[in-house]
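# Examination of the molecular architecture
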Amino acid sequence: MKEIHDECGVFGVFGHQDAAKIAYLGLHALQHRGQESAGIVTAEGDRLHIHRQMGLVADVFTGPVLQRLPGSHAIGHVRYSTAGSSSLQNAQPIRCLFAGGALALAHNGNLVNFHELRGDLMERGHVFHSTSDSEVLLHLVASSPGRTLADRVAHMMERAKGAYSLVLLSPAELVAVRDPRGFRPLVLGRLDGAVVVASETTSLDLIGATVEREVLPGEVVTAHRGGQGGAGEPVEVSSSQPLPPQPLARCVFEHIYFARPDSVVFGQQAYAVRKELGRQLAREQPVPDADLVIPVPDSGVAAAIGFAEVLDVPFDMGLIRSHYVGRTFIEPEQRIRNFGVKLKLNPVSNLFRNRVVVIVDDSIVRGTTSRKIVEMVRSQNPRAVHLRISSPPTRWPCFYGIDTPSQEELIASRLPTMREIADAVTADSVGYLSVSGLHRAVSGQASGGYCDACFTGNYPIPVEPGYRPHRDPLDR
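Residues numbered from 1 in each chain as written. Predicted model: local features only at pLDDT ≥ 70, side-chain atom pairs only at ≥ 80, totals over all residues. Heavy atoms only, no water.

Before going further, it helps to spend a moment on unusual backbone geometry. Peptide bonds are, in most cases, trans, and in most cases residues other than glycine have a negative phi. Cis geometry is found at the peptide bond from glutamine 92 to proline 93, where omega equals 0°. Residues other than glycine seldom take positive phi values, yet aspartate 192 does so here, at roughly 50°. One non-glycine residue with positive phi stands out, namely asparagine 350, at about 70°. Of note, asparagine 350 is situated in the loop between strand 19 (345-347) and strand 20 (356-361). (Helix = DSSP H or I, 4+ residues; strand = E, 2+ residues; numbered from the N terminus.)

In this section: the packing of helix 9 (residues 270-284) against helix 10 (residues 301-311). Where helix 9 contacts helix 10, the axes come no closer than 6 Å and their chain directions differ by 45°. In terms of their interaxial angle, helix 9 and helix 10 are classed as oblique. For the pair helix 9 and helix 10, the sense of crossing is right-handed. Residues Tyr271, Arg274, Lys275, Gly278, Arg279, Leu281, Ala282 and Arg283 of helix 9 form the contact with helix 10, whose own contacting residues are Ala302, Ala303, Ile305, Gly306, Phe307, Glu309, Val310 and Leu311. Tallied by class, residues from the contact of helix 9 with helix 10 come to nine nonpolar, two polar and five charged. (Axes fitted to C-alpha atoms, helices over the stretch in contact; angles between N-to-C directions. Parallel < 35°, antiparallel > 145°, perpendicular 65-115°, else oblique. Left-handed = near helix turned anticlockwise from the far one by under 90°. Contact = heavy atoms within 4.5 Å. Nonpolar A, V, L, I, M, F, W, Y, C, P; charged D, E, K, R; others polar.)

In a beta sheet, neighbouring strands pair by backbone hydrogen bonds and run either parallel or antiparallel. Spatially, the seven strands line up as an open sheet ordered 3-2-4-1-10-9-11, and their pairing is antiparallel. On the outer flanks of this sheet lie strand 3 (47-54) and strand 11 (210-214), each paired with one strand and no other. On average, adjacent strands in this sheet sit at an angle of 15° to one another, irrespective of strand direction. Judged from the four bridges that link them, strand 1 (residues 8-14) and strand 10 (residues 194-198) form a sheet pairing that is antiparallel. In the sheet register, valine 13 faces strand 10, and the bridge partner there is valine 196. (Pairing = 2+ DSSP bridges.)

Rendered as structure tokens:
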């Protein structure tokens with residue numbers, strides 16, 4: 001139930017006889033990070049095989065499709081579009097053939113100097129087939145000098161500005177890299193001697209891999225065969241840090257919403273952090289006469305539990321979510337109010353009557369969904385409905401891989417007071433977590449190490465005035 005989305009999830013495996021199937025399972029555990037398209041590239045000999053399609057992982061990769069993806073190395077991708085339109089041409093991984101051989105890339109994040117880089121590449125004769133900034137990264141790597149793929153990636157990192165967690169695959173090696181500020185997560189593990197990398201630990205959990213560590217901000221990790229590089233040689237891992245260290249700017253929204261609750265992200269389990277966000281929210285924005293605390297499922301569940309614990313108020317699943325909502329549906333006539341929300345949520349009747357209800361959610365973006373949810377609860381005749389949000393007001397757009405609306409569309413930017421926001425969503429009151437409370441819940445200190453630009457407007461990498469990731473001539 002959210003109007004805000006992360007761009008995608010990436011996965012890679014090097015040195016496993018069932019690479020395509022392992023990649024399929026890894027992507028399945030990352031499905032929450034992108035539902036528009038899915039793709040896998042495998043390496044066999046000196047060839048890279050690819051299959052990409054619009055849709056969910058389980059629909060895209062049937063048994064016969066996986067059989068057409070041979071090889072012991074693979075990378076995969078699930079996508080939600082931020083930079084570039086939602087179409088097959090922008091699906092990933094992206095594959096190319098260049099002077100160094102075959103190469104494929106999968107990307108999570110967003111470049112803030114995308115237009116500058118692509119304009120420069122086009123002036124030099126590069127031809128683009130998509131509107132995604134990920135293709136810019138592939139061109140930068142392919143056209144960079146260097147003896148090894150890691151050397152080429154290091155040159156790319158000197159030019160690319162913004163957020164990127166990447167996996168690249170050639171027939172001989174897999175490279176994983178995070179941008180120097182570490183905006184997006186990426187973890188490293190082992191499975192039966194193979195090396196695996198993924199956006200979240202849930203992928204490694206599903207396939208039974210051992211989580212070794214995070215790929216560090218600014219780190220380039222290379223997996224390759226030892227010895228003569230033959231199929232029987234063990235997989236070895238090398239690492240480098242091409243750029244000087246930079247201040248960390250890990251995306252705090254990974255903790256608030258994006259990561260699956262059972263993932264360990266930036267060294268902490270998302271579920272535990274979200275409960276602490278709810279506890280801190282209750283301390284800052286209590287509802288003294290509350291009778292019932294309910295979450296907006298699924299994103300608000302952990303925070304609502306923490307909120308209820310601190311106030312010692314009963315917690316209940318007052319809104320039941322349908323998990324079988326497809327990407328498209330036939331919408332009835334306008335007389336059925338709030339159809340879009342009712343398709344996903346339905347209140348438990350008689351739970352709210354004459355009670356003071358607190359609804360807990362992770363964020364409000366435009367406010368349209370929040371209004372419909374509050375109205376849905378009001379239809380059950382409560383005495384009062386209060387809305388509590390386990391993050392600060394979202395007042396600025398994100399340019400590092402989150403599809404937020406323009407600033408004028410954000411309700412907390414348009415409406416300066418909590419009273420006005422409460423009136424807009426028809427709640428008796430609205431209460432947000434403070435910025436300092438957010439950081440204390442996440443890291444135990446008032447600030448540091450996280451990007452909170454969507455709440456504060458303090459962008460760790462400068463963005464040109466008027467920049468929009470979607471502004472692209474091919475999208476018209």
